[in-house]
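Here is how the chains run, residue by residue.
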Amino acid sequence: MLSLLLFQWRLEQASNFAPVVDRLFDFILWFSIISFLIIVFGMVLFTFKYWRKKIPENRTAYITGHTKLELGVAFFLLVVVMVIFYWGWVDYKAMKNPPHDAFEVNVIGRQWLWQFQYADGKMLTNELIVPKDKAVSLIMTSEDVLHSLYIPDFRIKQDVLPKSYTNLWFVANRAGEFPIFCAEYCGTAHSAMLGKVKVLEQDDFERWQMTGKLPVGKRTMDHGQGTMDQQPDVTVGEKISLADKGRGLFASKGCTACHSVTGAAGVGPAVNKIFGKEVELTDGKKTKVDENYIRQSVNEPQARIVKGYQPIMPTFKGQISEEEMNALIAYIKSLK
Ligand code: CUA
């Protein structure tokens, strides 16, 4: 009966992380409930058992403490807290490391909407379309202030920061629609910064990728949050993939003058086969070439110079939009 009540009270578990997060949540919840009952029961029991009697001889003993008992309780609670910490840490680590074959989507938060940019050049506003049962990795940044992408039914949330990339990943395991919230106060229309994830069966998703068409008239599964027949507001743009757009930018912004894409020597380091690798910097430190490193190298080229090169690259700060930056990074990633 109680479990039925809890089941209804809980949000839907629509991703691989939902049961993981709920398990720890349940542990903390039940530990709290049981501790509460023990304390209240003990309090009531002692109130009656040691009721102050009228007869003076029956005075209770003057007790100042019980070192062993107090240390025992403190140690037990420390163990419990460490268990919770370790458990949370293990789950958190899994959430921080997307699998390498994940389907990547770039996310741009801005006052006050979400934009989802796909590798094939599609751009959706406030609607993220993903395949069911496949790892999806979101590479997120903000064009203005702090935002936070929050999908309660997936139990995932991550701050979205200006000037750098943060990551979220999940495997959606239920087809349907699930709300996206902004969970960081970001100005007047923060509360209206809403979106939704549409999880499609894999064949429906492939069809959508090819044709841009969603399955028509299909009711969403377990929760009547509307039908699938609304076609999303897709900006297909120039109908070229992100990496191709990046290749064009790489040439038009003049990057090719110094950076080879074939591994040939140049004024600056070649950019092929570098993504995901470690490079040595002029100060001897090593750094991993990831989204954040490429982004910083474009906007603040002097910050982390690769060993053997001169700090002569001009900054491109303010000259490259977030969409263009995502395209450039996609291009460099594609140069494997
Ligand atoms: Cu964006 Cu709050």
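Rules used in this analysis
- Residues numbered from 1 in each chain as written.
- Predicted model: local features only at pLDDT ≥ 70, side-chain atom pairs only at ≥ 80, totals over all residues.
- Heavy atoms only, no water.
- pLDDT = per-residue confidence, 0-100.
- Helix = DSSP H or I, 4+ residues; strand = E, 2+ residues; numbered from the N terminus.
- Contact = heavy atoms within 4.5 Å.
- Core = buried A, V, L, I, M, F, W, Y, C linked by side-chain atoms within 4.5 Å.
- Buried < 20%, exposed > 50% of the residue type's maximum accessible area, 1.4 Å probe, protein only.
- Domains from an automatic or database assignment.
- Polar contact = N/O pair within 3.5 Å; in protein donor to acceptor, adjacent residues only side chain to side chain.
- Salt bridge = Lys/Arg side-chain N within 4 Å of Asp/Glu carboxyl O.
- Axes fitted to C-alpha atoms, helices over the stretch in contact; angles between N-to-C directions.
- Parallel < 35°, antiparallel > 145°, perpendicular 65-115°, else oblique.
- Left-handed = near helix turned anticlockwise from the far one by under 90°.
- Nonpolar A, V, L, I, M, F, W, Y, C, P; charged D, E, K, R; others polar.
- Phe/Tyr/Trp six-rings, centres within 6.5 Å; stacked < 30°, edge-to-face > 60°.
- Pairing = 2+ DSSP bridges.

Summarising the model, the chain shows a mean pLDDT of 85, and 89% of its residues fall at 70 or more. By mean pLDDT, strand E11 (residues 234-235) is the weakest element of the chain at 56, and strand E6 (residues 147-151) is the strongest at 96. Here residues 219-229 scores under 50 on pLDDT; set against residues more than four positions off or in separate chains, the count is 28 contacts.

The biggest cluster of nonpolar side chains holds 39 residues, and the ones touching the most others in it are Phe116, Leu128, Leu138, Leu149, Phe154 and Phe170. Looking at this core, you find at least three residues from each of domain 1 (2-96) and domain 2 (103-234). If you look at the next biggest cluster of nonpolar residues, it comprises 25 residues, including Tyr165, Leu249, Leu281 and Ala327.

Moving on to the side chain of Ser142. Tracing the backbone through its elements, the reader meets Ser142 in strand E5 (residues 135-142). Taking relative accessible area as the criterion, Ser142 reaches 1% and is therefore assigned buried. From its side chain, Ser142 meets the backbone nitrogen of Asp144 in a polar contact 3.0 Å long. Looking at Ser142, its side chain comes within polar contact range of the main-chain oxygen of Val145, at 2.5 Å.

With the rule as written, the count across this model stands at 16 salt bridges. The closest approach of N and O atoms between Lys122 and Asp120, which form a salt bridge, is 2.8 Å. Accessibility expressed as a relative area gives 7% for Lys122, which makes it buried. For Lys333, the salt bridge is made with Glu291, and the minimal N-O distance between the two is 2.8 Å. Residue Lys333 is located in helix H7 (residues 322-334), and its partner Glu291 is located in helix H6 (residues 291-299); the two are separated by 42 residues in the primary sequence.

What follows concerns unusual backbone geometry. Cis peptide bonds are those with omega within 30 degrees of zero, and the linkage from Gln111 to Trp112 qualifies with 0°. Despite not being glycine, Asn126 shows a phi value in the positive range, around 55°. Looking at the element boundaries, Asn126 is found in the loop between strand E3 (123-125) and strand E4 (127-131). With a relative accessible area of 24%, Asn126 lands in the partly exposed category. Although it is not a glycine, Asp133 adopts a positive phi angle of roughly 60°. You can see Asp133 is positioned in the loop between E4 and E5.

As a further point, take the packing of H6 against H7. For any two helices packed against each other, the geometry is given by the interaxial angle and the distance between the axes. Contact geometry of H6 with H7 gives a least axis separation of 10 Å together with a crossing angle of 120°. Relative to H7, the element H6 is oriented oblique. Regarding H6 and H7, the two cross each other, and that crossing is right-handed. Here Glu291, Ile294, Arg295, Val298 and Asn299 of H6 come into contact with H7, specifically with Glu322, Met325, Ile329, Ile332 and Lys333. In terms of residue class, the contact of H6 with H7 is built from 5 nonpolar, 1 polar and 4 charged.

Quick look at the packing of helix H5 (residues 242-252) against H7 now. One can describe the packing of H5 onto H7 by two numbers: an axis separation of 7 Å at closest approach and a directional angle of 100°. Comparing their axes, H7 and H5 come out roughly perpendicular. Here Leu242, Ala243, Lys245, Gly246, Arg247, Leu249 and Phe250 of H5 lie close against H7, whose contacting residues are Glu323, Glu324, Asn326, Ala327, Leu328, Ala330, Tyr331 and Ser334. Residues that form the contact of H5 with H7 fall into these classes: 8 nonpolar, 3 polar and 4 charged.

We now examine the packing of aromatic side chains. In the structure shown here, the tally under the stated rule is 12 aromatic pairs. Aromatic side chains Phe205 and Trp208 sit 5.7 Å apart centroid to centroid with 45° between the ring planes, which places their arrangement in the tilted category. Here Phe205 and its partner Trp208 are both found in helix H4 (residues 202-211), 3 residues apart, which amounts to about one turn of the helix. For Phe205, a relative accessible area of 4% gives the class buried.

Most of E4 is tucked away: 5 of the 5 residues are buried. The side-chain alternation of E4 yields two buried faces, one formed by Glu127, Ile129 and Pro131 and the other by Leu128 and Val130. The pairing of E4 with strand E10 (residues 195-200) spans 5 bridges and is classified as parallel. Within E10, the position partnered with Glu127 by the bridge is Lys196.

With that out of the way, let us pick up the environment of Gly109. On the secondary structure map, Gly109 appears in strand E1 (residues 103-110). The buried category is assigned to Gly109, whose relative accessible area is 0%. Residues Gly109 and Thr141 lie 32 residues apart in sequence; the distance between their C-alpha atoms is 6.3 Å. Sequence-distant contacts of Gly109, that is, excluding residues within four places in its chain, are made with Trp114, Thr141, Ser142, Glu143, Asp144, His147, Val160 and Met193.

Turning next to the environment of Leu146. With respect to the secondary-structure elements, Leu146 resides in the loop between E5 and E6. Taking C-alpha positions, Leu146 is 5.9 Å from Val160, a pair spaced 14 residues apart along the chain. When residues no more than four places from it in sequence are discounted, the contact partners of Leu146 are Val160, Leu161, Pro162, Glu184, Tyr185 and Cys186.

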